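Here is what each chain is made of, one letter per residue.
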Amino acid sequence: FTPNVLAGHHMLVTAGPTFEAIDPVRGITNRSSGKMGFAIARAAQEAGAKVTLISGPVALETPRNVQRINVQSAQQMLDAAQEHITSANILVATAAVADWRPATTATEKIKKNPQEAVPALHFVENPDILATLAQSPRAQSGQLYCVGFAAESQNLVEFATAKRVRKGVPLLVGNIGPSTFGQDDNVLVLFDEHGHHTLPRASKRTLAKQLIREIAQRL
Ligand code: C5P
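Quick look at the structure, then.

Cut-offs applied
- Residues numbered from 1 in each chain as written.
- Predicted model: local features only at pLDDT ≥ 70, side-chain atom pairs only at ≥ 80, totals over all residues.
- Heavy atoms only, no water.
- Near = heavy atom within 4 Å.
- Polar contact = N/O pair within 3.5 Å; in protein donor to acceptor, adjacent residues only side chain to side chain.
- Areas by Shrake-Rupley, 256 points an atom, 1.4 Å probe, with all protein chains shown as cover.
- Helix = DSSP H or I, 4+ residues; strand = E, 2+ residues; numbered from the N terminus.
- Nonpolar A, V, L, I, M, F, W, Y, C, P; charged D, E, K, R; others polar.
- Salt bridge = Lys/Arg side-chain N within 4 Å of Asp/Glu carboxyl O.
- Buried < 20%, exposed > 50% of the residue type's maximum accessible area, 1.4 Å probe, protein only.

Some points on the site of the ligand
Around the ligand, the neighbouring residues are Ala93, Thr94, Ala95, Val97, Pro127, Asp128, Ile129, Leu130, Gly148, Phe149, Lys163 and Lys167. Asp128 has a polar side-chain atom sitting 3.5 Å from a nitrogen atom of the ligand. Burial of the ligand by the protein chains amounts to 86% of its free accessible area of 440 Å². For the shell around the ligand, the secondary-structure elements that each account for two or more residues are α3 (129–134), β9 (145–152) and α5 (156–167). Split by residue class, the shell around the ligand holds seven nonpolar, two polar and three charged.

Structural data, given as structure tokens:
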């Protein structure tokens, strides 16, 4: 592992799921342990970068010398990302952001009432954090390098190739979910403007180090 390939760089990492409240005790979320994002934050810090890690609710320890900001909802994650992106020059978006949130959040717990129909949930779309930041002037002018992730259950090459273009990012990292969720190892497929290549199955820690090298080469 080449040390200090990211010296002088500031990386912002989003990680974990988001949690969208229905009422004070209930909510909807995504399956994500946060392990891949935390491994990337750790590897980037070890490679000399300043690292800001914006995390949804996960049960993981903060990597050493990494600034961690805890959030719950996608909107909070976007707000935190926009606040901290101004000094960052690399974004790695590993978070499993909920695509929708309940249109309203009840202030009190919704009570079960056998006389009434079960409650119906109405959803509104959440902001796309990666796409929003990838369209920002700093990203568009080359001052912010954006890396997206994609978990697909099928047709990874086709879906991820299209997703990279749709999100407007130079590098998109695919993995085949849901087999990877919560696991300590993974297979990553890197998609860029030249095509794609695979980082074979390894621990998320090893893959994170390899990915840091791949990112550093592209800066
Ligand atoms: O479209 P999809 O959710 O599959 O895209 C995944 C990529 O986009 C990941 O990098 C994820 O962190 C990011 N994303 C985001 N905000 C969303 C949805 C996805 O940043 N609302």
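Quick word on the pattern of salt bridges
Once the charged atoms of two side chains with opposite charge are near each other, the side chains can pair. Inspection of every chain in the model, using the stated rule, returns nine salt bridges. Between Glu46 and Arg205 there is a salt bridge, with the nearest N and O atoms lying 3.1 Å from each other. Here the residue Glu46 occupies a position in helix α1 (residues 35–46), and Arg205 occupies one in helix α6 (residues 204–218), the gap between them amounting to 159 residues. Here Glu46 falls in the partly exposed class, since its relative accessible area comes to 32%. Across the salt bridge formed by Lys163 and Glu152, the nearest N and O atoms sit 2.8 Å from each other. In this pair, Lys163 sits in helix α5 while Glu152 sits in strand β9, placing the two residues 11 residues apart along the sequence. Glu152 carries the same exposure label as Lys163, and that label is buried. Ionic contacts of the salt-bridge type, sharing partners, join the residues Arg42, Glu46 and Arg205 into one network.

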